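Structural characterization, general
Below, each chain spelled out in residue letters.
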Amino acid sequence: MRPSPWHPPVTPTPLEQTIITCIKRAKLFVFLRHHRSDAFQEKLATLYAPGFRGQPPIAPA
């Protein structure tokens, strides 16, 4: 089951802006907040497309 795409407002709210200025270590979340466009979300969704990966399940003994 895939969550619905996130559609934040284009500019961060004043509360979000204060949180962004306080973030020191989790810069990835700041990057994702600033670059979250529909095209970027579709590209990320293709990376995690549902499919058969890994080993097949093994029945218990």
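Structure's up top.
This one's a predicted model, so the numbers in the text were calculated from it and none came from an experiment.

A tally of helices and strands in the protein yields 3 helices and 0 strands. Starting at the N terminus and walking to the C terminus, you meet the elements of the protein as α-α-α. What you see for the protein is a C-alpha radius of gyration of 17 Å, clearly larger than the 10 Å of a compact globule of 61 residues, by over 25%. Projecting the C-alpha coordinates of the protein onto the three principal axes gives extents of approximately 55 × 25 × 15 Å. The buried share of the protein, reckoned over its 61 residues, is 10%.

This next bit is on the pattern of salt bridges. Scanning all chains against the criterion turns up 1 salt bridge. Arg33 is the salt-bridge partner of Glu16, the closest N and O atoms lying 3.1 Å from each other. With Glu16 in helix 1 (residues 14-22) and Arg33 in helix 2 (residues 27-34), this pair connects stretches of sequence that are 17 residues apart. Residue Glu16 is classed as partly exposed on the basis of its relative accessible area, which comes to 26%.

A separate point is helix 2. Considered for burial, the residues of helix 2 that qualify are Val30, Leu32 and Arg33. For helix 2, the buried positions fall inside an angular range of 165° around the axis, keeping them on one side. Those residues of helix 2 that are buried are in contact with helix 1 and helix 3 (38-47).

In this section: the environment of Gly54. Among the structural elements, Gly54 can be located in the segment after helix 3. Between the C-alpha atoms of Gly54 and Phe31, which are 23 residues apart in sequence, the distance is 30 Å.

Criteria and thresholds
- Residues numbered from 1 in each chain as written.
- Predicted model: local features only at pLDDT ≥ 70, side-chain atom pairs only at ≥ 80, totals over all residues.
- Heavy atoms only, no water.
- Helix = DSSP H or I, 4+ residues; strand = E, 2+ residues; numbered from the N terminus.
- Rg over C-alpha atoms; globule rule 2.2 N^0.38 Å.
- Buried < 20%, exposed > 50% of the residue type's maximum accessible area, 1.4 Å probe, protein only.
- Salt bridge = Lys/Arg side-chain N within 4 Å of Asp/Glu carboxyl O.
- Arc of directions from axis to C-beta.
- Contact = heavy atoms within 4.5 Å.

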